[in-house]
Amino acid sequence: MRYAEYLRKSRADDPSEPIEVTLARHREALRQCMAKHALVVAPEDVFEEVASGDSLYARPQMLKLLEAVEQGVYDGVLCMDIQRLGRGSMSDQGAILDAFKLSGTKIITPNKVYDLSDENDETYTEFETFLGRQEYKMIKRRLRRGIKATVESGGYIANAPYGYEKTRIGKTPSLKPNPEEAPFVRMIFDLYLSGMGCQRIADRINSLGAKPRRDVQFSRTTIRNILQNPVYTGHIVWDRKTHIRPSRQSGGKHITIYNPQESWTIVDGLHQGIVPQETFEQVQGIFAKRHRSPSFTGVIENPLAGLIVCGNCGHNMQRQADKRGGPMLLCQKRGCIVSSKLHLVEEALISRLREEMNELVQNAGSESPGEDNTAQTLKAIERQIATAKAQDSRLYDLVEQGVYDTDTFLQRHAALSQRIADLEKARTDIRPREQLNVPKMAERIQEVLDSYFDMDSQQRNELLKSVLEKVIYKKEPGAKPAEFHLTLFLLPIYL
Ligand SMILES: [Zn+2]
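Below is a summary of the structure that appears in this document. All figures in this text were calculated on a predicted structure; none of them were measured in a lab. (Residues numbered from 1 in each chain as written. Predicted model: local features only at pLDDT ≥ 70, side-chain atom pairs only at ≥ 80, totals over all residues. Heavy atoms only, no water.)

With that out of the way, let us pick up the pattern of salt bridges. Scanning the model with the defined rule gives 11 salt bridges in all. Residue K176 pairs with E165 through a salt bridge whose shortest N-O separation is 3.9 Å. One end of the pair, K176, is in strand β7 (residues 172-177); the other, E165, is in strand β6 (residues 164-169), and 11 residues separate them in sequence. Judged by relative accessible area, E165 falls into the partly exposed class, the value being 28%. The salt bridge partner of R460 is E346, with a shortest N-O separation of 2.8 Å. A residue pair is termed long-range when its members are at least 10 positions apart, and R460 in helix α15 (residues 457-467) and E346 in helix α11 (residues 342-364) qualify at 114 residues. Across the pair, exposure class does not vary: R460 and E346 are buried alike. The network of salt bridges with shared partners includes R352, E355 and E356. (Salt bridge = Lys/Arg side-chain N within 4 Å of Asp/Glu carboxyl O. Helix = DSSP H or I, 4+ residues; strand = E, 2+ residues; numbered from the N terminus. Buried < 20%, exposed > 50% of the residue type's maximum accessible area, 1.4 Å probe, protein only.)

The following block contains the structure:
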C-alpha cells in the first residue's frame, strides 16, 4: 500500500496568510487524516506546490503526481479537498478525473474518501455539484467513451477479481494471474467438476488457507460467482449486475441484482485465462442441470432479502432454494446458527410486525415525562467518542516518535476505530422517542399489512423495507422448527 500527499494553497484559503502557514496547517490536518485511515506517506511521496496557480501547467507537482497516478503507483492520494485537485480548466479536470478513475486511485480528504472507479459511490453526485452539471455531463461522456474504448480493446478497468491482479498491457489496464490465488481458482473449478457443491468447496479451500479479498472466508455465494465468471477463461463481461440506487423503498440500501446471462456483454480480454474454456463450459452445463429454476432471474425471490440478520455473527441470512420441504433461511456462514423454513420466518415476521404496531400505538400517549435521561446519556456517549478520537489521533504521534512500531499502531488503531464505531451506533440508538411520528409509522405499517399477502416476493420485499430497517434472527440448537426469536427494528419516521 503506497500513498501520496498533495499540498497546495488555493483560492479557498486566506490570501493574507503566508503560504508556509497555510501549508503547515494543511499538513497537520492531513496527518490526522492519515492516523484515521491508518496509513503512512513516505517523504518522497509528498507533492507540494510552492506557488499558487490554477492552471494545471502552472502546477508542476500536480503533473508529476498525475503521471504516477496514471501508472497506478499509488493506492490513494491525500489532499485537503477535491477542489484542490480539480481547479483549472475543464480539460484539466477531465484529465485528472480520468487518471484517478482508470487507475483506481482513491482520493482521501479529511472529510471523505472518494473512489472514482466505483460507479456506485455517491462520489459522482458530489463531483456533479462541484463541477457544475454541464461540465460534469461532458466529462462523464468522455469517461464513458474512454472506458468503452478500453473495454472494446479487451482491457480490464474494475478491481481485479480473485485470482488476478492488475497490470498493464502496453497502455491498456489489464489483469495477470496472481500466483497464490490462481491455483485456488483452478481447484474450485476442478472440485465442482468432481461433483462437490459450492458450500463444500468453500469449506475445503477455507481450510487450505485461501482468503477472499473482502470477506473473512469464502462462502457458497462467492464460490458460485467465481464458477460463473467468464473472466477466468480470458473473457470480460459487462452488465452482469444492475445496481439500484438507494431509495426510500429500499430503506436507503443499495440493491444489486444479477442480470440474466443472456443480457451480459462478453468480449475477449487481453488477459490470460486461468481455466480452460472447456472446463468452464462443463461447469455451466452442470449448473444449468442442478438449478432447475435459473438462479439469475433478475427478480428477488426472497421476500426477506437483505432484511434478516444472523443474531450470532451479524451477516445477512439468505434463502436457499434447493431443499425438500421448501426454501430455507440460513446464515451465510455455514453452521453459524440453526436455520428455519423461510415461510415460517416470514409468517412470524408479519405477526410480529402487527404486534409491534399495536405496541407503538398503545405506548404513544403514555410516555412518562420524567424519564428524560436520554440527554445525559447522549452527552456521556459524546464524551467517550471525543476521548476515543483524541486517543486515536495521538497514536500517530506515538508512531512518529518511535514509541509504537507500525504493527502496534495498526492494532491499537483498529481497536479504537471499532470502539468509535460502536459508540456512534449507540448514539444513534438512543434518539428520544417523542420525536417519532407514531401515527405516521403505524399508518404505514397498516398499509403494508393490508396488502402484503396479495403481492409477489419482490413487492413483499419492497413493502417490508419501507417499514423495517432490519430484523435480528436468533435460534437455539435443538429448538423446534418455529421456535426462533425475531427482533424488529422499525424504520423510524420523525416529526
Ligand atoms: Zn451467522
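On we go.
In this section: the sheet that holds strand β12 (residues 308-310). Taken together, three strands build an open sheet; the order of strands is β12-β16-β17 and the sheet is mixed. Whereas interior strands pair on both sides, the edge strands pair on one side only; in this sheet they are β12 and β17 (485-490). With direction set aside, neighbouring strand axes in the sheet form an average angle of 25°. Of the strand pairs in this sheet, strand β16 (residues 468-474) and β17 are connected by six bridges, and their pairing is antiparallel. The residue bridging I472 from the neighbouring strand is T487, located in β17. In this fold α15 packs onto β16 and β17, with an angle of close to 100° to the strand it touches most, β16. (Pairing = 2+ DSSP bridges. Axes fitted to C-alpha atoms, helices over the stretch in contact; angles between N-to-C directions. Contact = heavy atoms within 4.5 Å.)

This brings us to the sheet that holds strand β2 (residues 46-48). Strand order in this open sheet of five strands is β2-β1-β3-β4-β5, and the pairing throughout is mixed. The outermost strands of the open sheet, each flanked by one partner alone, are β2 and β5 (113-114). With respect to the sheet, helix α1 (residues 19-37) is in contact with β1 (3-7), β2, β3 (76-78), β4 (106-108) and β5, its orientation differing from that of β1 by roughly 155°.

Let us now look at the coordination of the zinc ion. On the protein side, the zinc ion has C310 (SG), C313 (SG), C331 (SG) and C336 (SG) as donor atoms, found 2.2 to 2.3 Å from it. Angles of 97 to 122° at the metal separate the four donor atoms of the zinc ion, which places the site in the tetrahedral class. Of note, the zinc ion draws all its donor residues from one chain, in the sequence arrangement C-x2-C-x17-C-x4-C. A residue pair is termed long-range when its members are at least 10 positions apart, and C310 in strand β12 and C331 in strand β14 (residues 328-331) qualify at 21 residues. This pair shows no difference in class: C310 is buried, exactly as C331 is. (Donors = N, O, S within 2.8 Å, 3.2 Å for Na, K, Ca; no water. Tetrahedral: all angles 85-135°; square planar, octahedral: opposite > 155°, others 65-115°.)

Turning next to the packing of aromatic side chains. How two aromatic rings sit relative to each other is given by the distance of their centres and the angle of their planes. With the rule as written, the count across this model stands at eight aromatic pairs. Judged by centre distance (6.3 Å) and plane angle (70°), the ring pair of F189 and Y232 falls under edge-to-face. Taken together, the residues span a long stretch of sequence, with F189 in helix α7 (residues 182-193) and Y232 in the loop between α9 (220-227) and β8 (235-238) at a distance of 43 residues. The exposure class assigned to Y232 is buried, which follows from its relative accessible area of 1%. An aromatic cluster of three or more residues is present, and its members are Y164, F189, Y232 and F280. The residue whose ring lies beneath K112 is Y114, and the NZ or CZ to ring-centre distance is 5.3 Å. We note K470 situated over the ring of F489; from NZ or CZ to the ring centre the distance is 4.7 Å. (Phe/Tyr/Trp six-rings, centres within 6.5 Å; stacked < 30°, edge-to-face > 60°. Lys NZ or Arg CZ within 6 Å of the ring centre and 35° of its normal.)

Moving on, we come to unusual backbone geometry. In the Ramachandran plot, A38 falls in the positive-phi region, its phi being about 55° despite a non-glycine side chain. Using a relative accessible area of 22% as the deciding quantity, one classes A38 as partly exposed.

Here the focus is helix α2 (residues 60-70). By the burial criterion, the buried members of α2 are Q61, M62, L65, L66, A68 and V69. Relative to the axis of α2, the buried residues are bounded by an arc of 165° and lie together on one face. Residues of α2 that are exposed and point over 90 degrees away from its buried face: P60 and K64. The positive-phi residue at the C-terminal boundary of α2 is G72, with phi of around 70°. (Arc of directions from axis to C-beta.)

Moving on: α7. For α7, which comprises 12 residues, the first-to-last C-alpha distance of 17 Å matches the rise-based estimate of 16 Å (1.5 Å per residue) to within 8%. Every buried residue of α7 is listed here: A182, F184, V185, I188, F189, L191 and Y192. Where α7 terminates, the next one or two residues include G195, which has phi positive at roughly 105°. (Expected span 1.5 Å × (residues − 1).)

Here the focus is the pairing of β14. Looking along a regular strand, one sees side chains alternate from face to face of the sheet. What you see with β14 is no split at all: M328 and L330 on one side and L329 and C331 on the other are buried throughout. In the sheet, strand β13 (residues 317-320) pairs with β14 via four bridges, with the strands oriented antiparallel. Pairing of Q320 across the sheet is with M328, part of β14. Of the strand pairs in this sheet, β14 and strand β15 (residues 340-341) are connected by two bridges, and their pairing is antiparallel. Its bridge partner lying in β15, L329 is registered against S340.

Before going further, it helps to spend a moment on the environment of Q272. Positionally, Q272 belongs in the loop between β11 (265-268) and α10 (277-290). Through-space distance from the C-alpha of Q272 to that of G234 is 5.2 Å; in sequence the pair is 38 residues apart. Not counting residues up to four positions away in its chain, the partners in contact with Q272 are Y164, P177 and G234.

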